[in-house]
Amino acid sequence: MRRSSLAKLLVAAADNAERDRLLRSNRSSADERLAAELRDICYASWTNDPVTAQRASAAANVLGKVAPSPVTAATAQWINGIAEITRGRFERAVRSLRQAGEMFALLGRDNDAAQTRVAELLALAMPGRYDEAVAAGEAALDYFVRTSDHLAAGKVAMNLGNVVSRQGRHRDAEAYGLAACRHFKRAGESAWLAMAENGLANTYAELNQFAKARRIYEKALAASKSLSMTVTEAEIEANLGNLAVLRGQYSEAIRYLEGSRQRYIELDMPHQSAVADLEIADIYSELNLLSEAAETYRRIVPEFARLRLRAEEARARLRYGRTVAALGDERTGKRELQSALRLFKAEGNCSGQVAALLDSADVLIRQRRPRDAQAVIATARAALRNDDDPRHEITLKLLDGRALAGTGSVGRARRILAEAEHMAADRRHTSVLYTIRTELGKLAVIGGDLNGAAGYFQKAIRDIESLRSTVGADEFSVAFLGDKAEPFDSLAQLQIGQGRLAAAFRTVERARSRALLDAIGGGKHRPVPPALQQQLDDARSRLNRLYRAVEYGDESDVAEGRKAVLNAERSLADLIRRVNSLTGANRDAGKVLDIKDLQRRLGRDRSLIEYIEIDGVVSAFVVDGTRVRYVRELGSVAEIHGLLDDLKFQFETLRYGGERLSRYAAQMKGRADHCLKRLYDLLLSPLVRHLAAEKLVIVPAGVLHYVPFHALNDGQRYLIESYETVYAPSAAVWARTNAKRPRGPRKSLIIGYADERIPQAEREAHGLAKVLPDADVFTGKQATFEAFTANAGRHGLIHLACHGQFRPDSPMFSSLHLADGWVTVQDICSRRINASLVTLSACETGVSKIAAGDELLGLVRGFLAAGASSMIVSLWTVNDRAASEMMKHFYSGISGGLSPAAALREAQLQPALGGEHPYFWSPFIAIGR
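Okay, so let's go over this structure. Only a predicted model underlies this, so the values are computations on that prediction, with no experimental measurement involved.

1. Observations regarding the overall build of the protein
Looking only at helices and strands, the protein features 42 helices and 16 strands. Here the C-alpha radius of gyration of the protein, 33 Å, is about what a compact globule of 929 residues would show, namely 30 Å. For the protein, the spread of C-alpha atoms along the principal axes amounts to about 105 × 70 × 45 Å. Counting across all 929 residues of the protein, residues that qualify as buried make up 60%.

2. Brief notes about the sheet that holds strand β10 (residues 815-818)
Here we have three strands laid out as an open sheet, ordered β9-β10-β11, and antiparallel in their pairing. With partners counted over all chains shown, the strands left at the sheet margins are β9 (803-805) and β11 (821-824), one partner each. Between one strand axis and the next, the sheet turns by 30° as a mean value, whatever way the strands run. Of the pairings in the sheet, the one linking β10 to β11 comprises four bridges and is antiparallel in character. Counted as the bridge partner of S815 is T824 from β11. Seen against the sheet, helix α29 (residues 530-552) touches β10 and β11 and runs at an angle of roughly 120° to β11.

3. Remarks on the pattern of salt bridges
It is possible for side chains of opposite charge to pair when their charged atoms get near one another. Scanning the entire structure with this criterion turns up 55 salt bridges. The closest approach of N and O atoms between R437 and D463, which form a salt bridge, is 3.0 Å. Pair noted here: R437 is in helix α23 (residues 430-446) and D463 is in helix α24 (residues 450-468), with a separation of 26 residues, a long-range link. For the pair R437 and D463, a shared accessibility class is recorded, and that class is buried. Through salt bridges with shared partners, one network takes in E91, R98, R117, E120, R129 and E132.

4. A look at the packing of helix α9 (residues 150-166) against helix α10 (residues 170-187)
Axis separation between α9 and α10 bottoms out at 7 Å; the angle between their running directions is 160°. With respect to each other, α9 and α10 are oriented roughly antiparallel. Crossing hand, α9 versus α10: left-handed. Between α9, through H150, L151, A153, G154, K155, A157, M158, L160, G161, V164 and S165, and α10, the contact on the second element is made entirely by H170, D172, A173, Y176, A179, A180, H183, F184, R186 and A187. Here the contact of α9 with α10 is built from residues that sort into 12 nonpolar, six polar and three charged.

5. So, the pairing of strand β7 (residues 775-779)
Pairing geometry for strand β6 (residues 748-752) and β7, over five bridges, is parallel. Its bridge partner being in β7, I751 is matched across the sheet by F778. Once you follow β6 into helix α36 (residues 761-769) and on to β7, the crossover reads as right-handed.

6. Here's the deal with the environment of W822
Structurally, the position occupied by W822 is in strand β11. With a relative accessible area of 8%, W822 lands in the buried category. In sequence terms W822 and N544 are 278 residues apart; their C-alpha atoms lie 6.5 Å from each other. Setting aside residues no more than four positions away along its own chain, W822 makes contact with R540, N544, Y547, E551, F785, Q805, S815, L816, H817 and D827.

7. Concerning the nonpolar core
If you look at the biggest cluster of nonpolar residues, it comprises 136 residues, and the most contacted ones within it are Y611 and F863. The dominant element in this core, judged by the number of residues it contributes, is helix α33 (residues 665-683), at eight residues. Of all hydrophobic cores here, the second largest spans 106 residues; its members include L6, A35, Y43 and L278.

8. Quick look at α33
A rise of 1.5 Å per residue sets the reference length of α33, with its 19 residues, at 27 Å; its end C-alpha atoms lie 27 Å apart and thus fit the reference within 8%. Those residues of α33 not exposed but buried are M668, K669, A672, D673, C675, L676, L679, Y680, L682 and L683.

9. Some details on helix α35 (residues 731-739)
For an α-helix the count is 3.6 residues per turn, leaving residues at separations of three or four pointing the same way. Burial runs high along α35: seven of the nine residues are buried. Within α35, the full set of buried residues consists of A731, A732, V733, W734, A735, T737 and N738.

10. Points about the pairing of strand β16 (residues 924-927)
The two faces of β16 match: F924 and A926 on one face and I925 and I927 on the other face are all buried. For strand β15 (residues 871-874) and β16, the ladder comprises four bridges, and the chain directions are antiparallel. By the bridge assignment, V873 is partnered in β16 with I925.

11. Focus on unusual backbone geometry
For residues besides glycine, phi is generally negative; the peptide bonds are generally trans as well. You will see that S228, though not glycine, has its phi angle at about 55°, which is positive. Residue placement: S228 occurs in the loop between α12 (210-226) and α13 (230-246). For E633, which is not glycine, the phi dihedral falls at a positive 50°. Inspection of the secondary structure puts E633 in strand β3 (residues 628-636).

12. Brief notes about the packing of helix α3 (residues 32-45) against helix α5 (residues 70-87)
The interhelical angle for the contact between α3 and α5, taken along N-to-C directions, is 10°, at an axis separation of 9 Å. Relative to α5, the element α3 lies roughly parallel. Residues E32, A35, A36, L38, R39, C42 and Y43 of α3 pack against V71, T72, T75, W78, I79 and I82 of α5. Of the residues belonging to the contact of α3 with α5, the class tally is nine nonpolar, two polar and two charged.

13. Considering the environment of R905
Note that R905 resides in helix α41 (residues 900-913). Through-space distance from the C-alpha of R905 to that of I720 is 6.7 Å; in sequence the pair is 185 residues apart. If we ignore the near neighbours within four places in the chain, the residues touching R905 are I720, E721, S722, Y723 and E724.

14. Focus on the packing of aromatic side chains
All chains considered together, the criterion is met by 18 aromatic pairs. Aromatic pair F184 and W192: ring centres 5.9 Å apart, planes at 25°, arrangement stacked. Residue class for F184 comes out buried when judged on its relative accessible area of 0%. Taken together, a centroid distance of 4.9 Å and an interplanar angle of 55° make the contact between F621 and Y630 tilted. Here the aromatic residues F651, W876, Y919 and F920 are joined through ring pairs into a cluster of three or more. The ring of Y43 carries K155 above its face, with NZ or CZ at 4.8 Å from the centroid. Cation over ring: K484 sits above F480, and NZ or CZ is 4.1 Å from the ring centre.

15. Structural notes on the environment of A761
By the secondary structure assignment, A761 is in helix α36. Taking the C-alpha atoms as reference points, A761 and R881, separated by 120 residues in sequence, lie 9.4 Å from one another. Excluding residues within four positions of it along the chain, A761 makes contact with G752, Y753, A754, A801, C802 and D880.

16. A closer look at the side chain of E237
Mapped onto the elements, E237 comes out in helix α13. In this view, E237 contacts L221, Y256, L257, G259, S260 and R263; residues no more than four positions away in its chain are not counted.

17. Overview of the side chain of D112
With respect to the element layout, D112 can be found in helix α7 (residues 110-125). Those residues in contact with D112 that sit more than four places away from it in its chain are R39, W78 and F104.

Thresholds applied
Residues numbered from 1 in each chain as written. Predicted model: local features only at pLDDT ≥ 70, side-chain atom pairs only at ≥ 80, totals over all residues. Heavy atoms only, no water. Helix = DSSP H or I, 4+ residues; strand = E, 2+ residues; numbered from the N terminus. Rg over C-alpha atoms; globule rule 2.2 N^0.38 Å. Buried < 20%, exposed > 50% of the residue type's maximum accessible area, 1.4 Å probe, protein only. Pairing = 2+ DSSP bridges. Axes fitted to C-alpha atoms, helices over the stretch in contact; angles between N-to-C directions. Contact = heavy atoms within 4.5 Å. Salt bridge = Lys/Arg side-chain N within 4 Å of Asp/Glu carboxyl O. Parallel < 35°, antiparallel > 145°, perpendicular 65-115°, else oblique. Left-handed = near helix turned anticlockwise from the far one by under 90°. Nonpolar A, V, L, I, M, F, W, Y, C, P; charged D, E, K, R; others polar. Right-handed = clockwise from strand over helix to strand, strands pointing away. Core = buried A, V, L, I, M, F, W, Y, C linked by side-chain atoms within 4.5 Å. Expected span 1.5 Å × (residues − 1). Phe/Tyr/Trp six-rings, centres within 6.5 Å; stacked < 30°, edge-to-face > 60°. Lys NZ or Arg CZ within 6 Å of the ring centre and 35° of its normal.

Structure follows, in structure tokens:
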């Protein structure tokens, strides 16, 4: 048998016993030439098929036993070293490769001895033994240059470039990378040239030469794809992702990094998978998904320590420290930053040391310890002389300016920040530019230059919106804007002070519910890869089984079941995040509210009240068809919080008291009405003189999302008696939902599932079927998860009567409970529901977690994002009997042609005028039309 054929059979063999049989039956071919064939297979596969390289190692070891010889033994050690590198076991790799080199040298095979040094260089570099790695590489490079072996010389130069790059010596890395490319071109080696170009592009990215880096990456990626170099392709995709982060192109970055991670998982390369996890955690941190990033860092730090990847461990500890400090755990943050600094020093990585010092200074500034920060900044400035990373100079100036401002040196701070702005703009570092400009705007305010301040804030907002346009997935967009309200708030305050109310209103809207507005707008998404879609389906099915087990399982297993549910939810959320990383579309970030269009839609019969919160005080814009007004300082958030707590107490008493409290009904109603009047006096009384229309659009802010405005009273009448009221997350969201052409009730979907918490649900569903036209009704055992998911997208009107649960700990897993499982917000967001009306006749279906920018996280978000035009939801637990009766009247109004807001008002007026307690008639609100 030919040795090349035998080598392939040995590699493909099921186990060593089969290999032994093959070799003994082909003894004439079991020799040094066969060992060379196995070595060639190993080298050809280790960058794109590590499993094959490991199989070649096993075959070489069996060959060494069946046909022992010095050359065969040396070659087997060489192959073993390569295989250990693919497993991430670098110390073992070094031992095998050194032994192979020594054996070849004793045999007088200088070329083979030098070749082993190429692999040894890499194995030494990964755990941070850089001086030894460079010495090994330089010795090998000298030999190959002398013998004109350009292939081998290119490999050594490329690996030397990687080593010095890990130390932050990017100019030296550029020289090695260029040399490697020259050698590979002379050798005619396309595959190795692609790998060298990948390394060279990394260097240019570090040197801030982004356009050159991208051009070289794309060339190398095309070559690696054409040559089926799977591992190299994954590496280049990861590097393109990191480059996109530096350029502020987040959606592209996430897509590349997630694609790279998937490849490493499929290739079973644990050390590369850990690196991919680190890079994805880095971008999560950039996008303000701090908890998710911190959890990943916490998991992979010990993994890098175990794999003895010191450079990666240092970087992970650096980012972990920065992230947990931003989350408020400053003690852990300080500890991790100090650990990172020690590791970078051990690595001889000056760039890493500067990064750790700068992050430490940032923590001190956040702690309002500017003078301590200045001492750390001085140390970083000294270390910066040996750092090739131009981004660090910009960051140092930013921190120096913030520290100086903190000590009162405003003039010096302004000069240094102006230098930082110029450098960041010149190098297109948008991700830091908005922070610099926000700081400059604040200093301009202090100096009395209000026009200059407005200019800086406007530029910062444009920077933020430019970055946000590349974020993609809804969750990422919500998180990204979470810590960026300052320039919007500051600019709005300046514009209000200048009497430019329309401009101020537009600025407020630019930061309000923007991610939801984008989600409502839809956009093209890439298809989900089939393998991931199957994982999603399996994970969702498993979660529904766990939900049912917890709800109806044995009481003794509930605690364990809930723990299993939380773990399954976390896994599903992570999987959804990964899918969104690959499929998310970019956003139209530059589009702002058209006030003229809004006023046209409001017309003569509507006024819009948009509340804002600044420094703990609530104010409001009032917009009608012709004017924008502003009423400042209506009341403090703390005062409103207190009144809402009191109101909640009054309502909770009725929830649990039932018939036993009927004799105190008048007294209890009086107490509730008193709370509602005090809220009216704060939030509505100062605005009434500006309300000429009979219809109101209420846009709450913060805690005001829990205020039942339609039930507030002036001491004589409830607001509902004078105004038809509808709610919206923002003026732009209201305008978007009202831009849809109104449709009358068409085919209806009614789902009712009764349990002890909502016993009248099925009776309610059957009663509504008599009122609504052409209704598909699912109740009892037919009210299933499948019934909802299969039918929701095909009906113009949807009514869900079932128990609802708001999850403040995980709002996107808030749910509606059906016969065989729970429909979560995640489920709703994943499909299109183009219904003109969705009614959630259950408890607390309108309760949401209010994220920064007044982003609603809960069931309301799910249905609006999925395409619903209008919603009827509840702000608190509902009385089953009262809700069922109200729904009959509500749908009679809908069938009569009323809008959802008008129909709800008619249904609520009757019990309100009849003297019923507001708890029974006011929980439901209309959102949208």
